[in-house]
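Descriptive analysis of the structure
As a plain string of letters, each chain reads:
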Amino acid sequence: MSNAQTKAYRKFLERLRQARKDAKLTQIDVARKFKKPQSFVSKIESGERRLDFIEVERLAKLYGKPLNFFHS
């Protein structure tokens, strides 16, 4: 992954965390909605686990944000 891609992905992760906080949800709240452990959300937000597009759509809907919110 190029430096620009890495920087863009870090920005995406920052927006993802911000959207969750704006929605006043904890990682545990999000994990419950996805029927996953809290570590699932933690790994996503830390960049350890990458998201597919469908997951991004689900998170955007859960957080009440348009998809373009997550693009830098």
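Residues numbered from 1 in each chain as written. Predicted model: local features only at pLDDT ≥ 70, side-chain atom pairs only at ≥ 80, totals over all residues. Heavy atoms only, no water.

Side note on the overall build of the protein chain
What the protein chain contains, in helices and strands, is four helices and zero strands. Reading the protein chain from its N terminus to its C terminus gives the helix and strand order α-α-α-α. The C-alpha atoms of the protein chain give 12 Å as radius of gyration, which agrees with the globular expectation for 72 residues (11 Å, within 12%). Referenced to the eigenvectors of the C-alpha coordinate spread, the extents of the protein chain come out at roughly 35 × 25 × 20 Å. Here the protein chain holds 72 residues, and 31% of them are scored as buried. Sequence-distant contacts, at least 24 apart, represent 61% of the contacts inside the protein chain between residues at least 6 apart. Working note: accessible area of the protein chain is about 5000 Å², and carbon and sulfur atoms make up 51% of it. Distance between charge centres in the protein chain, computed from 18 positive and 8 negative side chains, equals 2 Å. (Helix = DSSP H or I, 4+ residues; strand = E, 2+ residues; numbered from the N terminus. Rg over C-alpha atoms; globule rule 2.2 N^0.38 Å. Buried < 20%, exposed > 50% of the residue type's maximum accessible area, 1.4 Å probe, protein only. Contact = heavy atoms within 4.5 Å. Areas by Shrake-Rupley, 256 points an atom, 1.4 Å probe, with all protein chains shown as cover. Lys, Arg positive; Asp, Glu negative; His and termini not counted. Charge placed at Lys NZ, Arg CZ, Asp CG, Glu CD.)

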